[in-house]
Amino acid sequence: MVRFVKQLFAFLAFSIVAYVIFLIVWGTCAPTTFRKNMNFKMGGPGYMFTRLREADTVRNVDILFLGSSHAYRGYDPRIFQRYSLKAFNLGSSAQTPIETKILVDSYLEKIKPKHVVFDVYPVLFGNDGVESLLDIISNMDDPREIYPAALSTKNAKVYNTLIFNAFVNLIGKKKHFKEPNEKGDDTYVNGGYVATKKNKYKPEALERNYNQPTLTKQLEAFEAIISELKKRNITYTLVQAPVTQKTYLAFRKNEEMDKYFSEFGKYYNYSEKLKLGDSLFFDDSHLTQNGVEIFNEELVKQLFKDQVISKSNFNLLSKE
Amino acid sequence: MLFNSLNFAFFLPIVFIFYWTLQNKKLAYQNILLLLASYYFYGCWDWRFLFLLAFSTFLDFYTGLKIYHSSDKAKRKFWLILSVGINLGFLGLFKYYNFFADSFASLVHQFGLNADHPTLRIILPVGISFYTFHGMSYVFDIYNRKIKPTTNWVDYSLFVSFFPLLVAGPIERATHLLPQVEQKRTFDYSKLTDGLRQILWGLFKKMVIADNCAEYADIIFNNSDSYSASTLVLGALFFTFQIYCDFSGYSDIALGTARLFGFELLQNFKFPYFSRDIAEFWRRWHVSLSSWFKDYLYIPLGGSKGGLFKQIRNTCIIFLVSGFWHGANWTFVVWGFLNAIYIIPSIVFRTNRQHLEIIAQGRLFPSIKELAQMTLTFSLTVLAWIFFRAETVGHAFDYLSGIFSMSLFTNPFISNPEFIRSILVIALLIPFMIIEWLGRENKYAIETSFLNMPRPVRWAFYSLLVFSIGVFMQTKESAFIYFQF
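On a predicted model such as this, the values are computed, not experimentally measured, just so you know. (Residues numbered from 1 in each chain as written. Chains lettered and ligands numbered in written order. Predicted model: local features only at pLDDT ≥ 70, side-chain atom pairs only at ≥ 80, totals over all residues. Heavy atoms only, no water.)

1. What to know about the overall build of chain A
The helix and strand inventory of chain A stands at 15 helices and 8 strands. Taking the principal axes of its C-alpha atoms as reference, chain A extends roughly 75 × 40 × 40 Å. Taking all contacts inside chain A whose residues are at least 6 apart in sequence as the whole, residues at least 24 apart take part in 81%. Looking at chain A as shown, the accessible area adds up to about 14,800 Å², and 56% of this sits on carbon and sulfur atoms. Once the 44 positive and 36 negative side-chain charges of chain A are each reduced to a mean point, those two points are 5 Å apart. (Helix = DSSP H or I, 4+ residues; strand = E, 2+ residues; numbered from the N terminus. Contact = heavy atoms within 4.5 Å. Areas by Shrake-Rupley, 256 points an atom, 1.4 Å probe, with all protein chains shown as cover. Lys, Arg positive; Asp, Glu negative; His and termini not counted. Charge placed at Lys NZ, Arg CZ, Asp CG, Glu CD.)

2. A few points about the interface of chain B and chain A
Across the boundary between the two partners, chain B contributes 29 residues, which contact 23 residues of chain A. Both faces considered, chain B and chain A share a buried interface measuring about 2,600 Å² in area, 74% of it formed by carbon and sulfur atoms. The largest per-residue losses of area from chain B upon contact with chain A belong to Tyr189, Trp459 and Phe467 of chain B, which jointly make up 26% of the total buried on that side. At the surface where chain B touches chain A, the tally comes to 1 salt bridge. Applying the counting rule to chain B against chain A returns 6 residue pairs in polar contact (both at pLDDT 80 or more). At the level of elements, helix H1 (6-21), helix H9 (189-222), helix H18 (422-438) and helix H19 (455-472) of chain B are the ones that each hand at least two residues to the side of chain B that touches chain A. Counting residues per element, the side of chain B that touches chain A draws most heavily on H19 of chain B, which supplies 12 residues. Taken together, the residues of the side of chain B that touches chain A break down into 20 nonpolar, 6 polar and 3 charged. (Buried area = accessible area lost by both parts, 1.4 Å probe. Salt bridge = Lys/Arg side-chain N within 4 Å of Asp/Glu carboxyl O. Polar contact = N/O pair within 3.5 Å; in protein donor to acceptor, adjacent residues only side chain to side chain. Nonpolar A, V, L, I, M, F, W, Y, C, P; charged D, E, K, R; others polar.)

3. Looking at the sheet that holds strand S3 (residues 115-119) of chain A
All names here are of chain A. If you walk across this open sheet you meet the 5 strands as S2-S1-S3-S7-S8, and the pairing is parallel. Each edge of the open sheet is held by one strand with a lone partner, namely strand S2 (87-89) and strand S8 (267-269). Here the strands of the sheet are splayed against their neighbours by 20° on average, with no regard to which way each runs. Taken together, the 4 bridges between strand S1 (residues 63-66) and S3 define a ladder with parallel strand orientation. When the bridges of S3 are listed, Leu66 appears paired with Phe118. Where helix H12 (residues 254-262) meets the sheet, it contacts strand S7 (235-240) and S8, and its direction lies at approximately 155° from that of S8. (Pairing = 2+ DSSP bridges. Axes fitted to C-alpha atoms, helices over the stretch in contact; angles between N-to-C directions.)

4. Brief notes about the packing of aromatic side chains
Under the criterion given, the structure shown has 100 aromatic pairs over all chains. When the centroid spacing of 5.8 Å and the interplanar angle of 80° are considered together, the rings of Phe163 of chain B and Phe261 of chain B count as edge-to-face. Within this pair, whereas Phe163 of chain B is found in helix H7 (residues 163-166), its partner Phe261 of chain B is found in the loop between helix H10 (229-260) and helix H11 (278-284), the two being separated by 98 residues in sequence. Phe163 of chain B gets classed as buried once you look at its relative accessible area, which sits at 0%. Look at Phe261 of chain B and you get buried, because its relative accessible area is 0%. Above the plane of the ring of Tyr72 of chain A lies Arg51 of chain A, whose end atom (NZ or CZ) is 4.5 Å from the centre. (Phe/Tyr/Trp six-rings, centres within 6.5 Å; stacked < 30°, edge-to-face > 60°. Buried < 20%, exposed > 50% of the residue type's maximum accessible area, 1.4 Å probe, protein only. Lys NZ or Arg CZ within 6 Å of the ring centre and 35° of its normal.)

5. As for the sheet that holds strand S4 (residues 182-183) of chain A
All names here are of chain A. Across the sheet, which stays open at both edges, the 3 strands sit in the order S4-S5-S6 with antiparallel pairing between neighbours. Two strands lie at the open edges of the sheet, namely S4 and strand S6 (193-196), each paired on one side alone. Alignment of strand S5 (residues 186-189) against S6, held across 4 bridges, turns out to be antiparallel. Each residue of the ladder has a partner; that of Thr187, found in S6, is Ala195.

6. Considerations on helix H12 (residues 287-298) of chain B
The complete set of buried residues in H12 of chain B reads Val287, Ser288, Leu289, Trp292, Phe293, Tyr296 and Tyr298 of chain B. Looking at the buried residues of H12 of chain B, the elements they touch are helix H5 (128-143), H11 and helix H13 (308-326) of chain B.

7. Some remarks on the domain arrangement of chain B
Residue and element names in this part refer to chain B. Structurally, chain B comprises domain 1 (19-187) and domain 2 (190-276 + 355-484). The distance between the C-alpha centroids of domain 1 and domain 2 comes to 30 Å. Each partner contributes residues to the interface: domain 1 has 25 residues there, and domain 2 has 18 residues. The contact between domain 1 and domain 2 buries some 1,800 Å² in all, and 73% of this surface belongs to carbon and sulfur atoms. Taken as a group, Pro164, Ala168 and Pro170 account for 26% of the area that domain 1 buries against domain 2, more than any other trio of residues on that side. Across the domain 1-domain 2 interface, the total number found is 6 residue pairs in polar contact (both at pLDDT 80 or more). Contributing elements (two or more residues each) for the side of domain 1 that touches domain 2: H1, H7 and helix H8 (174-182). The biggest single contributor to the side of domain 1 that touches domain 2 is H8, with 4 residues. Of the residues contributing to the side of domain 1 that touches domain 2, the split by class is 18 nonpolar, 4 polar and 3 charged. (Domains from an automatic or database assignment.)

8. Observations regarding the UniProt feature "transmembrane region" (unreviewed entry) in chain B
Residue and element names in this part refer to chain B. Cross-referencing UniProt, the feature "transmembrane region" (unreviewed entry) maps to residues 6-22, 49-68, 80-100, 120-141, 330-349, 370-388, 419-438 and 459-475 in the present numbering. The span residues 330-349 carries 95% helix and 0% strand; its end-to-end C-alpha distance comes to 30 Å. Secondary structure across residues 419-438 divides into 85% helix and 0% strand, with the first and last C-alpha atoms of the span separated by 30 Å. (UniProt positions renumbered as here; feature names shortened; annotations may be inferred.)

9. Description of the environment of Lys200 of chain A
All names here are of chain A. Inspection of the secondary structure assignment puts Lys200 in the loop between S6 and helix H10 (216-231). On the basis of relative accessible area, Lys200 is assigned to the exposed category, the value being 67%. Taking the C-alpha atoms as reference points, Lys200 and Leu287, 87 residues apart in sequence, are found 10.0 Å from one another. When neighbours within four sequence positions are excluded, Lys200 is seen to be in contact with Phe281 and Phe282.

10. Re the pattern of salt bridges
Residues and elements named next belong to chain A. Applying the stated criterion across every chain, the model contains 32 salt bridges over all chains. Between Arg73 and Asp186 there is a salt bridge, with its nearest N and O atoms 2.8 Å apart. With Arg73 in the loop between helix H3 (69-72) and helix H4 (77-81) and Asp186 in strand S5, the pair connects residues that are 113 residues apart, well separated along the chain. Since its relative accessible area comes to 10%, Arg73 is described here as buried.

11. Describing the side chain of Thr257 of chain B
All names here are of chain B. On the secondary structure map, Thr257 appears in helix H10. Judged by relative accessible area, which is 0%, Thr257 ranks as buried. With sequence-adjacent residues up to four places away left out, Thr257 is seen in contact with Phe8, Leu12, Phe163, Pro164 and Ile199.

12. Points about unusual backbone geometry
Although it is not a glycine, Ala94 of chain A sits at a positive phi angle of roughly 55°. Note on placement: Ala94 of chain A falls in the loop between S2 and helix H5 (97-111). With phi around 55°, Phe271 of chain B is a residue other than glycine that occupies positive phi space. With respect to the helices, strands and loops of the structure, Phe271 of chain B is situated in the loop between H10 and H11.

13. Side note on the pairing of S5 of chain A
Residue and element names in this part refer to chain A. Looking at chain direction, S4 and S5 are connected through 2 bridges and run antiparallel. Looking at S5, one finds that Glu182 is bridged to Thr187. Following S5, the chain reverses through 3 residues before pairing antiparallel with S6; Gly191 in that reversal takes a positive phi of roughly 110°.

The following block contains the structure:
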């Protein structure tokens, strides 16, 4: 029995070392398409690498945007600048409340926003958040804040990516990485925003399931974010950026989720309020630049109207 | 609790440690521990069905004793019929009630009549087909005076509900397993490492090969009307490997787990895709079920005695019942019937026992003739699996008619760019089949393949299997196909 236990532990130790070596070789050599459970990608379509580097330097913003691609493609800091509001966008691809919580814990203290606009897309409350977590792991310098959330996923993809990320950090690859500002039709705009040149609506080829059951852990993360904001005396507004009416209506719990969000304070659902036509979207859920202009102008007006933003608390300049 | 779950990864070592710390105590303590662990394992699915399992166990234990102690033939028959009747009654109720009710309603509807029937919301208790067959074989063997019944309730319960085989077999026989339950098991280092090796190979088959094949097989079968013929062939091939690696992977884990506790279970798969004819395939596929049907249905029906017609009739009955055992759907019945059709020529020409040894025994490569035979048998099997996987018989025929079209000669990866990732699955299948081929003379492919190599090489290979599981597994747990049967 003793021999068996000794051999077993020796094999486990050998296997762990071998696993890490295989993973590093695999992650370095295998084409991205075939890296099934190891999704390490610096940069990526959401410009998370550049955004996080900028977030490290940004301080004392008036408005901080949080949320998914609806946030970083839907809230243009340049439009808020017209109203003399300094804004920063901390959105990331498919960001669910769990990842928002990680970013809030890591950046709120540094960025010190006066007001937070939290884009809440109820569909993402049914998502496990793994893809977004991988995006953050791949692009954050020191993802220590991520470990508790990452370990709790019990997901091989997350664990493998964490191991590979440790290797990338060890060899200092992230320090030398430079993400281009332009990728295809997309351009990174200072302030965390991604502007697109796409201006024609193209529906997605595959039907998506918008009605995954809402996950308790996402609701808990959402409520923890609200508590954190309240604790820090940071005012906030919950916003649902517009999506195409087809996409909006495909989700069956709009009423229920609207009611839920309203319980936490000011909440605006712009799919309901604006009902924008498909021509203002380039896909099923992202606005063209023209669409962003319309939506952001409406949002700013609404924020002023409700006195969520006012001269006194934001020290606004002449343009208001 | 699934074998490929984190829960099982905690459950197994805990039971293992307690079990072997009891080895110097009474044998009964080890058996009680395994019985409790088995009931806990089963209860993790649905504790309510523990009562059904316990009742079924009690029924066969009691009727076994009654049959044995009755000298009167009529009484013996009464107890046998009672046991078999109740067992099949439960199986029929839980597994087939809705099927028969729906089929009857459809039939009546054909004649313009309306037959409303109460469709019950019946949950299929996991493993009912397996533990019912365990118990029935015990009662049959006592009735046929092959064995004496045990008077130890714990031993008998453990024989029926031993957790490695409880939910998907192998379907054990009392003659094989019960003596092992009654005998003292000793800690054997080589047996244990062999068990771990087989578990690892089973996990690889299930989590790397089967689950990845399933991803694409599901997409293609679920949208079969929108794909080209070559893609449909690809889908059928993916399912062919999925079902084999899923079920044989499960069996490997079950056998390996049992070996960790000192038990040897029946070998359930003997490299069936290397068969040279269908008869050989069925001697190598789900062996414990095939032999169960042979012993308790085919032979009582007369077997091969009584002329060619009777033999063909009996064979057809076996395959139809076997198909129906797999599930309450006409697709399984047609699958069984198709296999019966395949096997009839070998019965007529008396070639059904031609290939008893494994192909190319002692040789590295098969002969051209063997290769041709193997390819033909494999193709026929793939064709039959289409019925097994399809939602309905109509769906299966549509799938088949989709295959036999001009688009058979198109490249499935060009017409479906989303399948480009499935090349990875094919890339995994190639080394897998090579390892299976090289290890085909063993009980499982890697049983002895690497034993003569230096330890670092051997461990590096096992670590590569662990790595493959970590990197290629599906990130959501997937149940084994045969749990539903």
